[in-house]
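# Coordinate inspection notes
One-letter residues, chain by chain:
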Amino acid sequence: MLDPERWSDPEAARRILTEFHVWAVVGASPDPTRASYRVTRSMIEFGYEIIPVYPREVTLHGIQTVPDLRTAAAQRPVDSPIEVVDIFRASHRAGAHVDEAIEIGAKAVWLQQGVWDEAAGERAAAAGLLVVMDRCPAVDYPALIRG
């Protein structure tokens, strides 16, 4: 049973947006018609550092993509690790990326609007990560932070 009160809590979203500033975006796309393209641009404009994770080597908003989350984490400076893994993947694929987020030591996972995996959320929460599902940081930042 879906539990929006637990996994789509605006206070958890506010906390993630306030406390963490280095975001890896899994499923980032160089296609301007895709939501991930627009959201990554917005997050950069809001002042977040974005690491776009995309399987092919391209430049997205002037930033070189990385092929996977493990590579992204390995390339980070020790004093500036990935804090949030933002997942733009189908719900049935999200869990593998949540597990990678746990593995690399992220502090939070954010599953985009329409993405829901409670089992993955349970694993992340048990590992101490903040979890948000079915929300969009580009929508929440203006609403929750700028107010």
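These notes cover the structure that comes with them. Given the structure is predicted, the values throughout are model-derived calculations rather than measurements. (Residues numbered from 1 in each chain as written. Predicted model: local features only at pLDDT ≥ 70, side-chain atom pairs only at ≥ 80, totals over all residues. Heavy atoms only, no water.)

Another aspect to go through is the pattern of salt bridges. Considering all chains together, one arrives at eight salt bridges under this definition. Put simply, Asp99 and Arg123 hold a salt bridge, and the shortest N to O gap is 2.7 Å. Remark: Arg123 occurs in helix 6 (residues 118-126) and Asp99 occurs in helix 5 (residues 91-104); sequence separation between them is 24 residues. For Asp99, a relative accessible area of 33% puts it in the partly exposed group. With a shortest N-O distance of 2.7 Å, Asp140 and Arg135 are connected by a salt bridge. Neither residue differs from the other here; Asp140 and Arg135 are each classed as buried. (Salt bridge = Lys/Arg side-chain N within 4 Å of Asp/Glu carboxyl O. Helix = DSSP H or I, 4+ residues; strand = E, 2+ residues; numbered from the N terminus. Buried < 20%, exposed > 50% of the residue type's maximum accessible area, 1.4 Å probe, protein only.)

As a further point, take the pairing of strand 1 (residues 22-26). With five of five residues buried, strand 1 lies mostly within the body of the structure. One ladder, built from five bridges, connects strand 1 with strand 2 (residues 49-53); its direction is parallel. Each residue of the ladder has a partner; that of Val26, found in strand 2, is Val53. The parallel pair strand 1 and strand 2 is bridged by helix 3 (residues 35-45), and the resulting crossover is right-handed. Looking at chain direction, strand 1 and strand 5 (residues 84-87) are connected through four bridges and run parallel. Across the sheet, residue Val26 finds its bridge partner in strand 5, namely Ile87. (Pairing = 2+ DSSP bridges. Right-handed = clockwise from strand over helix to strand, strands pointing away.)

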